[in-house]
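Results of the structural survey
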Amino acid sequence: MSVTTAVVLASTGPSTTPAVTPRTLAAQPQIAAPAAGEQVVAPLPVDAAGLAALPPATTHGTVPDAPRDSAPDVVPSGRLVKPTAVLPVYLAPGERAIAAAPARQWAGETRLPVIAEQPGWAQVLLPVRPQGATGWIYLEDPRVELERTTVRIEVDREAFTLAVFDGEQQLGRWTVGVGKPEAPTPAGRTFLLDNLVPDEPRYSPVVLPLGTHSPTHTSFGGGPGTVGVHGWPTGDVFGQRSSDGCIRVPPDALQLLSTRVPLGSPVLIR
């Protein structure tokens, strides 16, 4: 990631307008009712003061005791949790709250991929440090909506490729640039966190931050070291380990990514 792009990620406020309206998600699915004999574990109550004291479930947050993702190579189902207001994220069903998920990130609404479920609860990926952090959301909370995406992004760092799929249909595949050996693009599953337009775009007209961070840089230009997908003004970076961890893509890839991939869509980096 360039310093300029990093500053965009660090300084863009909530009023920033996305480049486009991403593709509409599928209609909200119903929360599955517990089977006969199953009981929903009640959440521990969190009052307003307690919620305000929790670390934010954003790219700026750090949740040291968050459960780690146990299956980072598996593509999530596409089921998404969308907070409509700030809500608690729990260590496990019935356990204490460890973070607060806001309704918005920078420009876009928060959507967190579901990676596991049990009656009344969903385990989701979190965009916080440390890498691979997860948490549990109580699905019967009135501040929770459910959505589903069929779109996913797959990145092969060895082959220098990025591909976009809608179900089994491949929408496009491109040669891209990835992180240098000393600042690699992190492997594992993450998700599209937001869709931003820099106020003064020098390197890319759109920046797509992901819910993951550089494993070697604690900051990019004052930001929290968020890894993103963005364009680049010259083509010599594609097919190369050319960045500080971000994924550099050609213009047609950036156009499709910013218009066809909904926020929250899974990103699998191998």
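Just so it is clear, the structure is predicted and the values come from calculations on it, not from any experiment.

Reading the values: the criteria
- Residues numbered from 1 in each chain as written.
- Predicted model: local features only at pLDDT ≥ 70, side-chain atom pairs only at ≥ 80, totals over all residues.
- Heavy atoms only, no water.
- Helix = DSSP H or I, 4+ residues; strand = E, 2+ residues; numbered from the N terminus.
- Buried < 20%, exposed > 50% of the residue type's maximum accessible area, 1.4 Å probe, protein only.
- Contact = heavy atoms within 4.5 Å.
- Areas by Shrake-Rupley, 256 points an atom, 1.4 Å probe, with all protein chains shown as cover.
- Pairing = 2+ DSSP bridges.
- Axes fitted to C-alpha atoms, helices over the stretch in contact; angles between N-to-C directions.
- Phe/Tyr/Trp six-rings, centres within 6.5 Å; stacked < 30°, edge-to-face > 60°.
- Salt bridge = Lys/Arg side-chain N within 4 Å of Asp/Glu carboxyl O.
- pLDDT = per-residue confidence, 0-100.
- Polar contact = N/O pair within 3.5 Å; in protein donor to acceptor, adjacent residues only side chain to side chain.

On a plain count of helices and strands, the protein chain comes out with 3 helices and 17 strands. Relative to its full complement of 270 residues, the protein chain shows a buried share of 54%. Here the analysis covers contacts within the protein chain between residues at least 6 apart in sequence; of these, 69% occur between residues at least 24 apart. Looking at the protein chain as shown, the accessible area adds up to about 11,200 Å², and 53% of this sits on carbon and sulfur atoms.

It is worth spelling out the sheet that holds strand β16 (residues 247-248) at this point. Backbone hydrogen bonds are what pair the strands of a sheet, in a parallel or an antiparallel way. Read from one edge of the open sheet, 3 strands run β13-β14-β16, paired in mixed fashion. In the strand order of this sheet, the two ends are held by β13 (207-213) and β16, each with one partner.

Glancing now at the sheet that holds strand β17 (residues 266-269). Pairing within the open sheet is mixed, and its 5 strands lie in the order β10-β9-β8-β17-β12. In the strand order of this sheet, the two ends are held by β10 (169-175) and β12 (188-191), each with one partner. Recorded for the sheet is a direction-independent mean angle of 20° between the axes of neighbouring strands. With 4 bridges joining them, β12 and β17 adopt antiparallel strand pairing.

All told, the structure shown has 3 aromatic pairs when counted by the stated rule. Ring geometry for Y90 versus W121: centroids 5.4 Å apart, planes at 80°, classification edge-to-face. Here the residue Y90 occupies a position in strand β2 (residues 87-90), and W121 occupies one in strand β5 (residues 121-125), the gap between them amounting to 31 residues. Relative to W232, the ring of Y203 lies with its centre 5.0 Å away and its plane at 10°, an arrangement referred to as stacked. Of this pair, Y203 sits in the loop between β12 and β13 while W232 sits in the loop between β14 (226-230) and β15 (241-243), and the two are 29 residues apart along the sequence. Relative accessible area serves as the criterion here: at 26%, Y203 is assigned to the partly exposed category. You can call W232 buried: its relative accessible area is 19%. Members of the aromatic cluster, each reached through a chain of ring pairs, are Y90, W121 and Y138.

Attention shifts here to helix α3 (residues 251-260). Where α3 is concerned, the buried positions are A253, L254, L256, L257 and S258. Considering only its buried residues, α3 is in contact with β8 (151-156), β9 (161-166), β10, β13 and β14.

Looking now at the environment of T161. Structurally, T161 can be placed in strand β9. Sequence-wise, T161 and T175 are 14 residues apart; in three dimensions their C-alpha atoms are separated by 4.6 Å. What T161 contacts, discounting residues up to four positions off in sequence, is E154, V155, D156, R173, W174 and V176.

Scanning the model with the defined rule gives 12 salt bridges in all. Residues K82 and E145 are paired through a salt bridge, measuring 3.8 Å at the closest nitrogen-oxygen approach. Remark: E145 occurs in strand β7 (residues 144-148) and K82 occurs in strand β1 (residues 79-83); sequence separation between them is 63 residues. Under the relative-accessibility criterion, K82 is labelled buried at 12%. Here E145 falls in the partly exposed class, since its relative accessible area comes to 28%. Salt bridges sharing partners connect three or more residues here, namely K82, E109, R111, E145 and E147.

What follows deals with the environment of V114. Relative to the elements of secondary structure, V114 occurs in strand β4 (residues 112-118). Judged by its relative accessible area of 4%, V114 falls in the buried class. For the pair V114 and S77, spaced 37 residues apart in sequence, the C-alpha to C-alpha distance is 7.2 Å. Ignoring any residue separated from it by four or fewer positions in sequence, one finds V114 in contact with P76, S77, R79, L80, V81, A122, Q123 and V124.

Take the confidence of the model for the protein chain next. Mean pLDDT over the protein chain: 89, with 86% of residues reaching 70 or higher. Contacts for the low-pLDDT stretch residues 1-24, under 50 throughout, to residues beyond four places or in other chains number 64 contacts. Note on residues 26-31: pLDDT under 50 across the span, and 11 contacts to partners over four residues away in sequence or across chains.

With respect to the helices and strands, the residue S242 is situated in strand β15. A residue is classified by how much of its surface remains accessible, and S242, at 16% relative accessible area, is buried. Within the structure, the side chain of S242 is placed 3.2 Å from the backbone oxygen of V237, a separation counted as a polar contact. When sequence neighbours within four positions are dropped, the list of residues in contact with S242 reads G177, V178, G179, K180, V237 and R248.

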